Amino acid sequence: MIAWLTALIPYLLSTILGYLIVDRIDRPEGRIPLSIRFFLAGGIGLGMSAQITFFTLIAFHQLVPAAVIGIHLAVIGGLAVGKFKSGRSLPLPGLPSWPNALAAMVFLLAFIPLFKEVQHFPWGGWDAWEVWNFKAKFIFLAGERWTNMFEPLLWRTSPHYPLLLPLANVWGWSFQPAPDFRLIPQITSLLFTFFTMGLLWTALLYHTKQPLVVTAPLVILLIPFFATMAASQYADIVMAYFLLAALITLRWGVQTLEKRFFILTGISLGCLTFTKPEGMVAALCLLIIAGGFILFIPDRRRQGLVLVGLMAAVVLSSLATAIHQTSFSPGNQTFINGLTSADHPSTFYRMKLTLAFLLMELKADRWNGIWIFLAAGMILGGRQVWRKEHLPVPLFLLAYLGAVVLYYWLNTYFSIAWWLQVSLNRILFSILPAAAFWIFGAFAARKNTPSSSPTSDARS
Amino acid sequence: MTNSPLNPNPSLSFRLWRTYLFFGLAALLCLSNAYQTNRALRQRDQERGDLPYLFVGIKFSGLEETLGDASYIGYYTDKSLDDRLAAMQFAQAQLVLAPSILDLNNTSHEFTIFDCSSTEAALGKIRELGAQPLKINQFGIILARTKPETPNGISP
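Residues numbered from 1 in each chain as written. Chains lettered and ligands numbered in written order. Predicted model: local features only at pLDDT ≥ 70, side-chain atom pairs only at ≥ 80, totals over all residues. Heavy atoms only, no water.

(A) Seen up close, the side chain of K135 of chain A. The topology assignment puts K135 of chain A in helix α7 (residues 126-141). If near-sequence neighbours (up to four positions away) are discounted, K135 of chain A is found in contact with M149, T157, S158, P159, Y161, L163 and P166 of chain A. (Helix = DSSP H or I, 4+ residues; strand = E, 2+ residues; numbered from the N terminus. Contact = heavy atoms within 4.5 Å.)

As structure tokens, then:
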């Protein structure tokens, strides 16, 4: 228990950092409710901590835990002084209504299976030991030799993969001179699941004011396969989080046309690019969609402001990804362009198999019918599902799944049947919270936007 | 019809009806998922009771003391890594021994780990290479010096 409490210190600091960043953007008057702000702060804070750790690695040519901690404290101190000078007080949470209190209790209880699952798999799943935790341990122990992990010799560990998750774990270990290498990755995966589900719930609750929307995170969390994947210490839950955060803030941006929400979308997209190669594709799809919405803003001045805000946030928060990709990544070692390869051509059969497998996966038993349920919701919802403010999600799903199918067809390095079997379920896992946000949000929609109410959502 | 908690407009009865249907289905799915999760966890508890979680990488712990700060280590195996267990063992060995990098079936480094289907097979290969066994553990994993020590203790 003491080990757990000590291990939580870096996560607490990251949440404070995330809170102060969100607070700094959400001004002069706070529009984002406190509950949502907490869940945004947790994930964005961890994303920023990973980036700080990365820049420290580059600056010192090795991990210097004292420097990482020092920079965190300096940034938190600077932001806190700014907040103090602005004279804005911390909003205090009030007592929730009894239906919401009950919903919160059920929400927390739904995490018990996840805790048990984490205990069942203390070392996580295959990619945890082969890819993510290996990289984290390498960075933590290798000193100046940390760049050796980009050796093409280590192609099994996917040396081209972005580093947000390993660096978040390294940040977690920074407070421990001789860490237990199992505990921190467990906490990271648990917390990202908590932040993802919490963000889904509180964002839906805010838009609808209906306690019933707690069924959205519950229906996902209680799928045994989802719990297993979330407890596997993979980067897919991290990707799911930043994707959801980007879509929620983009929805607010589309509704209010306020720069602050587009900045938060940009930060989430930047972090998304640092999670997985799929995250880069997803971020690009979403950036194009956001750009499309911005094009339709009639007021030119506002259009310019919003676009600059979004792009500046994307560029700054993608800096770590850009440096990693241009200076360290050895490139994808497992890629054959099927369009130019005579030995491994992209065939029509490959495309047909990919599409068939996608349909099979959507109705596979392991999802307990969630995709069929969401598809039914899409049909049942009629026009409501396709209203302007909901559109970013279906447009994204269409573009992203299209890009994924195309990549499966184009890259012929792996046998397609095996590849689909081991990876397609993860693609669906990472988009599930976003899809649920769309359908549940459309069903219980009321016209409640962050611009139409004050910060404190104490009663909701 | 009275105002609904889900929709304040009583005139939209069809919309209301489908909203209730949707959330009713969601609640049912939650219950079904909770039942399945409970069943899966019980099954897992039983599995773990019969056979505790096995991290095969444990077979390689303790070798790092001898390896020092070697950047690269050979990893010789006569098993195919297409075999799931052999691939898992290799991946977990890489995690346990990080930041040393395991070079599969390359015995030109200062140290090589021999993970063979039998101790005899491993010793036979060690003899063939003229290597010097340094350590053997209870799992049959052998660490051997396959190349004379370099001045800085780090193999190229």
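(B) Structural view of the sheet that holds strand β2 (residues 101-104) of chain B. All names here are of chain B. The sheet built from five strands is open, its strands ordered β2-β1-β3-β5-β4 with mixed pairing. Only two strands of the sheet have a single neighbouring strand rather than two, namely β2 and β4 (132-136). Sheet twist, expressed as the mean angle between neighbouring strand axes with direction ignored, is 30°. Packed on one face of the sheet, helix α3 (residues 84-97) meets β1 (72-76), β2 and β3 (111-114) and runs near 150° to β2. Across the sheet, helix α4 (residues 119-129) is in contact with β1, β3, β4 and β5 (142-145); its angle to β5 comes to roughly 5°. (Pairing = 2+ DSSP bridges. Axes fitted to C-alpha atoms, helices over the stretch in contact; angles between N-to-C directions.)

(C) Molecular detail of the pattern of salt bridges. The full count for this structure, using the stated rule, is 17 salt bridges over all chains. For the salt bridge of R260 of chain A with D26 of chain A, the shortest nitrogen-to-oxygen distance reads 2.6 Å. Here the residue R260 of chain A occupies a position in helix α13 (residues 259-273), and D26 of chain A occupies one in the loop between α2 (9-25) and α3 (34-60), the gap between them amounting to 234 residues. Taking relative accessible area as the criterion, R260 of chain A reaches 9% and is therefore assigned buried. For D26 of chain A, a relative accessible area of 0% puts it in the buried group. Where D45 of chain B meets K116 of chain A, a salt bridge forms, and the shortest distance between an N and an O atom there is 3.0 Å. Here D45 of chain B is found in helix α1 (residues 13-50), whereas its partner K116 of chain A is found in helix α6 (residues 112-120) on a different chain. Looking at D45 of chain B, the relative accessible area reads 34%, which means it is partly exposed. Among the charged side chains, a network of salt bridges with common partners joins D23, D26, R31, R37, K83, E258 and R260 of chain A. (Salt bridge = Lys/Arg side-chain N within 4 Å of Asp/Glu carboxyl O. Buried < 20%, exposed > 50% of the residue type's maximum accessible area, 1.4 Å probe, protein only.)

(D) Main features of helix α12 (residues 236-256) of chain A. Residue and element names in this part refer to chain A. For α12, which comprises 21 residues, the first-to-last C-alpha distance of 30 Å matches the rise-based estimate of 30 Å (1.5 Å per residue) to within 8%. Counting buried residues in α12 gives 20 out of 21 residues, a clear majority hidden from the surface. Positive phi shows up at L257, right after α12, with a value of about 60°. (Expected span 1.5 Å × (residues − 1).)

(E) Looking closely at the interface of chain A and chain B. Counting from both sides, the interface comprises 49 residues of chain A and, opposite them, 45 residues of chain B. Between chain A and chain B, roughly 4400 Å² of surface is buried when both sides are summed, and carbon and sulfur atoms account for 67% of that area. It is H120, W126 and W129 of chain A that lose the most area in chain A upon contact with chain B, and together they represent 15% of the buried surface on that side. Joining chain A to chain B, the criterion identifies two salt bridges. Here R44 of chain B and E117 of chain A are joined by a salt bridge, their closest N and O atoms 2.5 Å apart. (Buried area = accessible area lost by both parts, 1.4 Å probe.)

(F) Region of interest: unusual backbone geometry. Here the amide bond leading from A98 of chain B into P99 of chain B is cis, since omega sits at 15°, within 30 degrees of zero. Within the secondary structure, P99 of chain B sits in the loop between α3 and β2. Positioned with a positive phi, S158 of chain A is a non-glycine residue whose angle comes to about 50°. Relative to the elements of secondary structure, S158 of chain A occurs in the loop between α7 and α8 (164-173). The buried category is assigned to S158 of chain A, whose relative accessible area is 14%.

All quantities given are derived from atomic positions and should not be read as evidence of function.
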